Amino acid sequence: DIWLKRGDQFQRLTDFRGEDRTPVWAPDGQSFYYLSERDGTFNVWRRGVNGSSEQQLTHHQQNPVRFLTASRDGTLCYTYDGELYTLHGGQEQRLQVTITADRVDRDLVRQTQTSGATEIRLAPDGKEIAFIMHGDVYVTSIDYKTTRQITDTPEQERNLSFAPDGRSIAYAAERNGVWQIYRTSIVNEDEKQFAYATELAEERLTQTDKTSQQPQFSPDGKEIAFFENRGDLCVMNLQTKAVRTVLDGKYQYSYSDGDLWFQWSPDSRWLLCSYIGNG
């Protein structure tokens, strides 16, 4: 039975000879919801604390209703037959729950790496970090520390760049003896993070036999700038895949580490780069 305590006084609210359980308050504070098996299995009922307005709200038959809870606006939530349901305004609704599982295409391997991570890049939303480890691209979740391997090749990847929406990562990869620009993207629109995405797709963006490296997304996400043949500054339109050279390599200045340097303007209209000129 369900009881109410006021001060030092106890009042029995239900007297059904079977089981009543899991009382939760209704928003008005004058009534409550609870589970009762009086119709043969557990269902949701409502009753006033003064014993008035007793009402059966659900009529499930095959299995008992369990784990009843209530929100402040009176929406009820419970489980039935292994599924989650809500009840509001007399309308029952089974919730569609999507669970993202770990990759099942191979056994999970637990590793602890203490060195070797390079080229750390923070995602635009601050929720993930991409990095290079032993020549492959990885992404780790900041909140839950789940790490996802993005590439798994015998060749090397480097030069990471997040798209402004955080749903794509561009990088240079040495495949078949030539460096080219690649992009890996989250496929499903409802998924937001690489670490928990159920499907990823890799795309080769440049299609030449020339060395292409150091990709960088424009702030509007519509283009990628990169260096070709270690000097020419090029820009690719991601919709048409058209490539244009915006600065000849003879004008570029290479630093001692071999890398060239450039940066997009915030409006995606200009590229600031290292330049050899008078003075």
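Residues numbered from 1 in each chain as written. Predicted model: local features only at pLDDT ≥ 70, side-chain atom pairs only at ≥ 80, totals over all residues. Heavy atoms only, no water.

**Brief notes about the pattern of salt bridges**
Within the structure shown, the criterion is met by 13 salt bridges. Residue Arg244 pairs with Glu223 through a salt bridge whose shortest N-O separation is 2.8 Å. One end of the pair, Arg244, is in strand E22 (residues 243-247); the other, Glu223, is in strand E20 (residues 223-228), and 21 residues separate them in sequence. Overall, the relative accessible area of 38% leaves Arg244 in the partly exposed class. (Salt bridge = Lys/Arg side-chain N within 4 Å of Asp/Glu carboxyl O. Helix = DSSP H or I, 4+ residues; strand = E, 2+ residues; numbered from the N terminus. Buried < 20%, exposed > 50% of the residue type's maximum accessible area, 1.4 Å probe, protein only.)

**Let's talk about the sheet that holds strand E3 (residues 20-25)**
Within the open sheet, the 4 strands sit side by side as E3-E4-E5-E6. Their pairing is antiparallel. Among the strands making up the open sheet, the edge pair consists of E3 and strand E6 (55-56). Note that E3 and strand E4 (residues 31-36) share 4 bridges and pair antiparallel. What sits directly across from Trp25, in E4, is Phe32. (Pairing = 2+ DSSP bridges.)

**Details of the packing of aromatic side chains**
For the structure on display, the rule yields 8 aromatic pairs. On the numbers, 5.6 Å between centres and 10° between planes, the contact of Phe131 with Tyr138 is stacked. Here a set of aromatic residues connected by ring pairs shows up, and it is made of Tyr78, Tyr80 and Tyr85. For the cation-ring pair, Arg38 lies above Trp45, with the distance from its terminal atom to the ring centre recorded as 4.6 Å. Positioned over the ring face of Tyr182 is Arg175, at 4.4 Å from the centre of the ring. (Phe/Tyr/Trp six-rings, centres within 6.5 Å; stacked < 30°, edge-to-face > 60°. Lys NZ or Arg CZ within 6 Å of the ring centre and 35° of its normal.)

**Here's the deal with the sheet that holds strand E14 (residues 147-149)**
Read across the sheet, 4 strands follow the order E11-E12-E13-E14 without closing on themselves; strand pairing throughout is antiparallel. For this open sheet the edge positions go to strand E11 (117-122) and E14, each flanked by a neighbour on one side alone. With strand direction ignored, the average angle separating the axes of adjacent strands in the sheet is 25°. Relative to strand E13 (residues 136-141), strand E12 (residues 128-133) runs antiparallel, the two being bridged by 6 bridges. From the neighbouring strand, Ala130 faces E13, where its bridge partner is Val139. (Axes fitted to C-alpha atoms, helices over the stretch in contact; angles between N-to-C directions.)

**Focus on the nonpolar core**
By size, the foremost hydrophobic cluster in this structure holds 15 residues, and its most contacted members are Leu160, Ile169, Tyr171 and Phe194. Secondary structure elements with two or more residues in this core: E12, E13, strand E15 (157-162), strand E16 (168-175) and strand E17 (178-186). (Core = buried A, V, L, I, M, F, W, Y, C linked by side-chain atoms within 4.5 Å.)

**A few points about the environment of Pro154**
Mapped onto the elements, Pro154 comes out in the loop between E14 and E15. Pro154 sits 20 residues away from Glu174 along the chain, and the two C-alpha atoms are 9.4 Å apart.

**Some remarks on the pairing of strand E9 (residues 83-88)**
In this structure, strand E8 (residues 76-80) lies alongside E9, joined through 5 bridges in antiparallel fashion. Looking across to E9, one finds that Tyr80 is bridged to Glu83. Counting the residues in the hairpin turn of E8 and E9 gives 2 residues, including Asp81, whose phi is positive at 55°. With 4 bridges connecting them, E9 and strand E10 (residues 91-94) associate as antiparallel partners. Its bridge partner lying in E10, Tyr85 is registered against Arg94. Hairpin remark: E9 followed by E10, antiparallel, with 2 residues in the connecting loop; positive phi at Gly89, about 60°.

**Things to note about the environment of Leu35**
Note on placement: Leu35 falls in strand E4. In this structure Leu35 comes out as buried when scored by relative accessible area, which is 1%. For Leu35 and Trp45, which are 10 residues apart along the polypeptide, the C-alpha to C-alpha distance reads 6.1 Å. Setting aside chain neighbours within four positions, we find Leu35 in contact with Glu19, Asp20, Arg21, Thr22, Phe42, Asn43, Val44, Val65, Arg66, Phe67 and Leu68. (Contact = heavy atoms within 4.5 Å.)

**Brief notes about the side chain of Thr41**
Relative to the assigned elements, Thr41 resides in the loop between E4 and strand E5 (43-48). The residues touching Thr41, leaving out its near neighbours within four places in the chain, are Ser36, His60, Gln61, Asn63 and Pro64.

**Focus on the side chain of Gln180**
Tracing the backbone through its elements, the reader meets Gln180 in strand E17. Residue Gln180 is classed as buried on the basis of its relative accessible area, which comes to 0%. A polar contact of 2.7 Å, which involves the side chain of Gln180, links it to the backbone oxygen of Lys210. Residues within four places of Gln180 in sequence aside, it is in contact with Tyr171, Ala172, Ala173, Arg204, Thr206, Gln207, Thr208, Lys210 and Ser212. (Polar contact = N/O pair within 3.5 Å; in protein donor to acceptor, adjacent residues only side chain to side chain.)

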